[in-house]
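Next come the chains, spelled out residue by residue.
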Amino acid sequence: MTIKPPEHGEKEPVTGQYIGVEIDGVNQRVYYEERGPEDGIPLICQHTAGNHGQEWRHILADDEITEDFRVIAYDLPHHGKSLPPTTQDWWEEDYTLTEEKFAETIVSIADALDLEDPVYMGSSIGGNVVLQLGDWHPDRFRALIGLECGVRSPGYYLDWFHHPEVNIAEISAYSCWGLMAPHGPEETRRETMHLYEQGSTGLFRGDLFYYSVDHDYRGQLDQVNPECPVYVMNGEYDFATDPADAREVAEGIGDQATAIEMKNIGHFPMCENPDLFLKYLKPVLDDIKGEDVDVPDEMSPETVGVDLPGATADD
Amino acid sequence: MATTEFASHEWWESYRETVNEDQEMKVRGHDNFDENFYVEIGNSMFLIEMDGGEVENVVPEPGVNDVWSFGVEGSREAWEEFVQEYPPAHNNEIIASDYRTAVKGEDGHLELKGNNKKIWQNFRPFQRALDLMRETQQS
């Protein structure tokens, strides 16, 4: 189990650090956590809208992945421990994430960390942005893994997410409750909600500008031609970007892209059901390592050997 | 699995007990949930009158003297999927079901109706109250 807390006095082998990252001419103080060999394959992990890198804590805790991969989970500027820059009057404007700023931020973090041929993996906003990364930075990554990725994902840029008469913490979290499959452990699904409740006002909505407004690759997928494999992995219970959306993205990109349907999991695979997601992720990471594996286009608890009550029967 | 028929008088009595005994409805502001909401199951409408996070009354076929802020509408089939122990994708929670209706334009899902501001102001306890329909059905 990855979700068991450490024993009293036991230190987890995950370390946290801050690094300066220049993004769009502003020096940002970016927090990241990492685990794995210094010479391992870098695997950078992008959190979802309004959240932060702790969504990846169960992946960082996994002994098997961190044997070969240097797993790095960062907080975007303004998120988590990456506080807004003290040099800017950031409170005088709405926080807004654009596709240009998002892609530049990710590449700048990889550059600041001096990562050679990193693997990129992200979910939701982090899944969608594999299209911009593959389009604008085709030679920067060893592989792109887009979780819960779509050509577009409308409908979530709501003014209620910064309304003074609405509890922003609660609705940022619990508007996402239904994005998760009911099969996951309640403790990890509740933890995902708890992480969401920590976001500041406007952050969720600002990220959702990218998610639901700025990100739109309809008719433009032929521009996405990265010099690396692309894996598009969408959960059965993700109502916003479902497995059909993954197939649309992969078909639009072409031969270097693979769509994977993940049964009985939703929009937050790495934190809603980390044990099941780690099983789904394994063949993808093995493929990236160059092992001779078949990456299935559909995975279920049964096919990866996980006993999950109520799991959807295989077709 | 409930021994009474879904949405029958006895079932709603059981629902009221389930909500009023639910520990989560007593904490973290759920206990300030006072907005009445309705549930429309096919052609049948039920008004759930809330007071302090508890169900005060369930009124079948409410009329002009009744007051509510918002509600959920859907076919009986969609509701029967919603209350399953492991509901199928996109009818598993109200926000999922409403998204597939409102944004994707699909049929066969539930739909939120009413005062949007009050929906979002009360969303967490409202969603919990709807989820307790599942617990009622599975008890």
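Residues numbered from 1 in each chain as written. Chains lettered and ligands numbered in written order. Predicted model: local features only at pLDDT ≥ 70, side-chain atom pairs only at ≥ 80, totals over all residues. Heavy atoms only, no water.

## Regarding the overall build of chain B
Working step 1: A tally of helices and strands in chain B yields five helices and five strands.
Working step 2: For chain B, the succession of helices and strands along the chain, N to C, is α-β-β-β-β-α-α-β-α-α.
Working step 3: Overall, the C-alpha framework of chain B stretches about 35 × 35 × 35 Å when taken along its three principal axes.
Working step 4: Here chain B, with 139 residues, has 52% of them falling under the buried criterion.
Working step 5: Taking the contacts inside chain B whose residues are at least 6 apart along the sequence as the reference set, 61% of them involve residues at least 24 apart. (Helix = DSSP H or I, 4+ residues; strand = E, 2+ residues; numbered from the N terminus. Buried < 20%, exposed > 50% of the residue type's maximum accessible area, 1.4 Å probe, protein only. Contact = heavy atoms within 4.5 Å.)

## Some details on the environment of G150 of chain A
Residue and element names in this part refer to chain A.
Working step 1: Turning to its location among the elements, G150 is positioned in the loop between β6 (143–147) and α6 (168–174).
Working step 2: For G150 and A244, which are 94 residues apart along the polypeptide, the C-alpha to C-alpha distance reads 9.0 Å.
Working step 3: Aside from chain neighbours lying at most four places away, what touches G150 is N128, L131, H215, T241, D245 and V249.

## Focus on the sheet that holds strand β4 (residues 69–74) of chain A
All names here are of chain A.
Working step 1: The strand order β1-β2-β4-β3-β5-β6-β7-β8-β9 describes an open sheet built from nine strands, whose pairing is mixed. What marks the edges here is a single partner per strand, and that holds for β1 (15–23) and β9 (298–299).
Working step 2: The pairing of strand β2 (residues 26–35) with β4 spans four bridges and is classified as antiparallel. Paired with R35 across the strands is V71, a residue of β4.
Working step 3: Docked against the sheet, helix α9 (residues 243–253) engages β7 (230–235) and β8 (257–262), running at close to 175° with respect to β8.
Working step 4: Packing against the sheet, helix α11 (residues 274–289) makes contact with β3 (41–46), β4, β5 (119–123), β6, β7, β8 and β9, and its axis sits at approximately 175° to β7. (Pairing = 2+ DSSP bridges. Axes fitted to C-alpha atoms, helices over the stretch in contact; angles between N-to-C directions.)

## Notes on the environment of S14 of chain B
Residue and element names in this part refer to chain B.
Working step 1: Within the fold, S14 resides in helix α1 (residues 9–21).
Working step 2: Judged by its relative accessible area of 25%, S14 falls in the partly exposed class.
Working step 3: Sequence-wise, S14 and T101 are 87 residues apart; in three dimensions their C-alpha atoms are separated by 29 Å.
Working step 4: With sequence-adjacent residues up to four places away left out, S14 is seen in contact with T136 and S139.

## Here we look at the nonpolar core
Working step 1: Of all hydrophobic cores here, the largest spans 130 residues; its most connected members are I145 and F277 of chain A together with Y15 and F37 of chain B.
Working step 2: Beyond its immediate sequence surroundings of up to four residues, Y15 of chain B is in contact with F37, I48, V55, A129, L130, L132, M133 and T136 of chain B. (Core = buried A, V, L, I, M, F, W, Y, C linked by side-chain atoms within 4.5 Å.)

## Things to note about the interface of chain B and chain A
Working step 1: With 25 residues of chain B in contact, the opposing surface of chain A contributes 29 residues.
Working step 2: Per-residue buried area on chain B facing chain A is highest for Y86, W120 and R124 of chain B; these three make up 30% of the total on that side.
Working step 3: Run the count over chain B and chain A and you get five salt bridges.
Working step 4: The residue D242 of chain A makes a salt bridge to R100 of chain B at a minimum N-O spacing of 3.0 Å. (Buried area = accessible area lost by both parts, 1.4 Å probe. Salt bridge = Lys/Arg side-chain N within 4 Å of Asp/Glu carboxyl O.)

## Quick notes on the pairing of β5 of chain A
Residue and element names in this part refer to chain A.
Working step 1: Counting buried residues along β5, five of its five residues qualify, which places the element largely inside the surrounding structure.
Working step 2: Going residue by residue along β5, you find V119, M121 and S123 tucked away on one face and Y120 and G122 tucked away on the opposite face as well.
Working step 3: Relative to β5, β3 is paired through four bridges, and the arrangement is parallel. The residue of β5 that forms the bridge with L43 is V119.
Working step 4: Across five bridges, β5 lies against β6 in parallel orientation. Within β6, the residue paired with V119 across the bridge is A143.

## Digging into the pairing of β7 of chain A
All names here are of chain A.
Working step 1: For β7, the buried fraction is high: six of the six residues fall into the buried class.
Working step 2: Alternating residues of β7 divide into V230, V232 and N234 and Y231, M233 and G235, and every residue in both groups is buried.
Working step 3: Note: β6 against β7, four bridges, orientation parallel. The residue bridging I145 from the neighbouring strand is Y231, located in β7.

## Let's talk about the pattern of salt bridges
Working step 1: The full count for this structure, using the stated rule, is 31 salt bridges over all chains.
Working step 2: In this structure, K282 of chain A engages D286 of chain A in a salt bridge whose closest nitrogen and oxygen atoms are separated by 2.9 Å. Placement of the pair is K282 of chain A and D286 of chain A together in helix α11, with a separation of four residues, close to one helical turn.
Working step 3: Taking the shortest distance from any N to any O, the salt bridge between D22 of chain B and R128 of chain B comes out at 2.8 Å. Of this pair, D22 of chain B sits in the loop between α1 and β1 (37–41) while R128 of chain B is found in helix α5 (residues 123–138), placing the two residues 106 residues apart along the sequence. No difference in accessibility class separates D22 of chain B from R128 of chain B, as the two residues are buried.

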